[in-house]
Amino acid sequence: MGGADADLIGINGMSDSALKDFLRKNAVSLSVFEARKVAELIGRNPTITELYIFNTQWSEHSSYKSSRHVLKALLPTQAPNVILGPVEDSGIVELGYINNERYGIVVSHESHNHPSQVVPYEGAATGVGGIIRDVLCMGAKVIAIADPLRFGNPNGKNKNKVKYIANEVINGIAGYGDAVGIPNICGDVYFNDSFDENCLVNVVCLGIVKEKDIIHSYAPKNAENYDIVVVGKATDNSGFGGAAFASLILDEKDRESNRGAVQVPDPFLKNVIIRASYAVFEDARKNGIVLGFKDMGAGGIMCSTSELCSDANFGADIDLSNVNVSMQNLPPYIIACSETQERFTWICPSEFTKTMLKIYNEDFELPQISLGAGAFVIGKVTKQQDYILRHDGKIVCNAPIKAVTQGIKYDRAKKARKRNFKEP
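Residues numbered from 1 in each chain as written. Predicted model: local features only at pLDDT ≥ 70, side-chain atom pairs only at ≥ 80, totals over all residues. Heavy atoms only, no water.

Undergrad: Mind showing me how you'd approach the overall build of the protein chain here?
TA: A count of helical and extended segments in the protein chain gives 16 helices and 13 strands. For the protein chain, the C-alpha radius of gyration of 21 Å lies close to 22 Å, the compact-globule estimate for 424 residues. Counting only residues that meet the buried cut, the protein chain has 53% of its 424 residues in that class. A separation threshold of at least 6 residues defines the contact pool for the protein chain, and within that pool the share at least 24 residues apart is 81%. (Helix = DSSP H or I, 4+ residues; strand = E, 2+ residues; numbered from the N terminus. Rg over C-alpha atoms; globule rule 2.2 N^0.38 Å. Buried < 20%, exposed > 50% of the residue type's maximum accessible area, 1.4 Å probe, protein only. Contact = heavy atoms within 4.5 Å.)

Undergrad: Could you clarify how one ought to interpret helix α11 (residues 267–286) in this entry?
TA: Given 3.6 residues per turn, any residue in an α-helix points the same way as the ones three and four places further on. Along its 20 residues, α11 runs 29 Å from first to last C-alpha, staying within 8% of the 28 Å computed at 1.5 Å per residue. Buried within α11 are the following residues: Pro 267, Leu 269, Lys 270, Asn 271, Val 272, Ile 273, Ile 274, Ala 276, Ser 277, Val 280, Phe 281 and Ala 284. Just downstream of α11, Gly 288 is the residue with a positive phi angle, here 65°. (Expected span 1.5 Å × (residues − 1).)

Undergrad: Just to check I follow, could you spell out the state of the cysteines for this structure?
TA: One covalent bond between the sulfur atoms of two cysteine residues makes up a disulfide. Per the stated rule, a full pass over the model turns up 0 disulfides. The thiol of Cys 186 is unpaired, and the distance to the nearest cysteine sulfur, on Cys 205, comes to 11 Å. For Cys 186, a relative accessible area of 46% translates into the label partly exposed. Note on Cys 337: no disulfide assigned, nearest cysteine sulfur contributed by Cys 397 at a separation of 8.9 Å. (Disulfide = S-S within 2.5 Å.)

Undergrad: Any chance you could explain a nonpolar patch on the surface here in plain terms?
TA: Where nonpolar side chains cluster on the molecular surface, the patch consists of Tyr 64, Val 70, Leu 71, Leu 74 and Leu 75 and spans about 470 Å² of accessible area. Residue position: Leu 71 is located in helix α5 (residues 68–74). Of the residues examined, Leu 71 reaches a relative accessible area of 36% and is grouped as partly exposed. (Patch = residues over 30% accessible without salt bridge, like charges linked within 9 Å, V, L, I, M, F, W, Y side chains within 5 Å. Areas by Shrake-Rupley, 256 points an atom, 1.4 Å probe, with all protein chains shown as cover. Salt bridge = Lys/Arg side-chain N within 4 Å of Asp/Glu carboxyl O.)

Undergrad: Would you explain unusual backbone geometry in this entry?
TA: In terms of backbone geometry, most residues other than glycine have negative phi values and most peptide bonds are trans. Phi at Asn 313 takes a positive value of approximately 60°, unusual for a residue other than glycine. Looking at the secondary structure, you find Asn 313 in the loop between α12 (300–310) and β9 (315–319).

Undergrad: Would you mind going over the pattern of salt bridges with me for this structure?
TA: Proximity of charged atoms lets side chains of opposite charge pair with each other. Taken as a whole and assessed by the stated rule, the structure comprises 21 salt bridges. As a salt-bridge pair, Glu 211 and Arg 102 come within 3.2 Å of each other at their nearest N and O atoms. Of this pair, Glu 211 sits in the loop between β6 (200–210) and β7 (227–232) while Arg 102 sits in strand β3 (residues 101–111); the two residues are 109 residues apart in sequence, bridging distant segments of the chain. By relative accessible area, Glu 211 is classed as partly exposed at 33%. Residue Arg 102 is classed as buried on the basis of its relative accessible area of 16%. A salt bridge links Asp 227 to Lys 380, with the shortest nitrogen-to-oxygen separation between them at 2.7 Å. Of this pair, Asp 227 sits in strand β7 while Lys 380 is found in strand β11 (residues 374–382), placing the two residues 153 residues apart along the sequence. For Asp 227, a relative accessible area of 7% puts it in the buried group. By sharing partners, the salt bridges in this structure join Glu 101, Lys 210, Lys 212, Asp 213 and Arg 285 into a single network.

Undergrad: Looking at this structure, I do not really get the packing of helix α7 (residues 120–136) against α11. What am I missing?
TA: Helix-helix packing: each pair is described by the crossing angle between the helix axes and the interaxial distance. α11 packs onto α7 with a crossing angle of 5° between their chain directions and a minimal axis gap of 12 Å. When the axes of α7 and α11 are compared, the pair comes out roughly parallel. The segment α7 lies against α11, with Gly 129, Ile 132, Arg 133 and Leu 136 engaging Lys 270, Ile 274, Ser 277, Tyr 278 and Phe 281. The residue makeup of the contact of α7 with α11, split by class, is 5 nonpolar, 2 polar and 2 charged. (Axes fitted to C-alpha atoms, helices over the stretch in contact; angles between N-to-C directions. Parallel < 35°, antiparallel > 145°, perpendicular 65-115°, else oblique. Nonpolar A, V, L, I, M, F, W, Y, C, P; charged D, E, K, R; others polar.)

Undergrad: What's the story with the packing of aromatic side chains in this structure? I'm lost.
TA: In this description, an aromatic ring pair is defined by two values, namely the gap between the centres and the angle between the planes. Tallying each qualifying case throughout the model produces 8 aromatic pairs. Both rings, one in Phe 54 and one in Trp 58, keep their centres 5.0 Å apart while their planes meet at 75°; by these two values the pair is edge-to-face. We note that Phe 54, like Trp 58, is buried. Look at Tyr 278 and Phe 281: their rings are 6.1 Å apart centre to centre, the planes differ by 55°, and that puts the pair in the tilted class. With Tyr 278 and Phe 281 both in helix α11 and 3 residues apart, the pair spans about one turn of that helix. On the basis of relative accessible area, Tyr 278 is assigned to the partly exposed category, the value being 23%. Feature note: the residues Tyr 278, Phe 281, Phe 293, Phe 344 and Trp 346 constitute an aromatic cluster, connected by ring pairs. One cation-aromatic arrangement involves Arg 412 over Tyr 410; the distance from NZ or CZ to the ring centre is 4.0 Å. (Phe/Tyr/Trp six-rings, centres within 6.5 Å; stacked < 30°, edge-to-face > 60°. Lys NZ or Arg CZ within 6 Å of the ring centre and 35° of its normal.)

Undergrad: Quick question: what am I supposed to make of α12 here?
TA: Of all 11 residues that make up α12, 11 are buried, and the element is covered over most of its length. Those residues of α12 not exposed but buried are Gly 300, Ile 301, Met 302, Cys 303, Ser 304, Thr 305, Ser 306, Glu 307, Leu 308, Cys 309 and Ser 310.

Undergrad: For this particular structure, what's the right way to read the nonpolar core?
TA: Soluble globular proteins: nonpolar side chains tend toward being buried together. Of all hydrophobic cores here, the largest spans 55 residues; its most connected members are Ile 132, Leu 291, Trp 346, Met 356 and Tyr 360. Take this core: its biggest share by element is 8 residues, from α11. Sequence-distant contacts of Tyr 360, defined by excluding residues within four places in its chain, comprise Val 231, Ile 273, Ala 276, Ser 277, Val 280, Phe 293, Trp 346, Glu 365, Leu 366, Pro 367 and Ala 375. Membership of the second largest hydrophobic core comes to 53 residues, among which are Val 32, Ile 53, Ala 336 and Val 404. (Core = buried A, V, L, I, M, F, W, Y, C linked by side-chain atoms within 4.5 Å.)

On their own, these measurements won't tell you what the molecule is for.
Dropping the structure here:
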């Protein structure tokens, strides 16, 4: 594997304290050990873009590095009625047989806590938006959303703040769900002092799909040289670092800088992208075209493209200069890792690419709905399992793709819970 053309960050030459200071100043949440592990895995000092990529992909939010083995041991994931367990963007459970065809209910669930605490309306709205994307990209028709919510004490010492957050979260859910045109069918609300400083906003989405029509969250077989296509809103700097931010402990003094980690929703654009994607599904099925499709959520372009290719044992070669952006002079690490909302990634055979671009850009006129929106080819799937990002003629990332997507796991030591049975 070749190196990068862009300037390297000399972390191998830094002391632990100097490295810790550098990471903090650059808002990189990696530990000193993890930053050194990056250099070890890629065989050299990293570029700043590579450092931000590993920062996002190795966050708890994206990698489940601490919780994966615990969840695997505790939660049942296989049964005769499970069509697809928790390995892709959504799980699928059998609904039944209709006219001898097996149908599945697509289920996705996540929490959007930190964003909703910091910027309640947008935080909750983008939670709904993201979970809809997870269901749509399995090839499903999206049919419903739901929200179990937990807020602080509305009569306690933080009652004004709690009431504001609760109202704005509910407004955000309604404001997004109404405009995107998908009914919110249920949920529940509990109030308790323990949620005063960090509310819990759970979002659930359901879809329906025939088993034979499932689209997978990885590149198809024999996808070498397939096009990598991004669809949706023009990329900006919103939500940059959002996945790593989700693993932080919130601190009031960081409120303003934390606000920048929250994305900005556009449910009207999403409404049209959903209907355009249904048209792509239909055309691809009619013509027997096999595609890969993934939500562009945490970690943005970098996360979706690396996982689509890595999960099928391919690499990727991407030119970030081909990404549609809405802000000038964005550095490559922001184009790669921004969590701008309302975007997807397709892996598409080149003979179908023209049809796909026509559906999004001409038939459904995405560029007319949001400035700079649309579908664009940004790169190719490669046989060699390296993750290569180019920008303005320079290679800004060249790392083994499995190191990016699977490079870190922890088996944390368990301790007995301290329990106090004294009466209050």
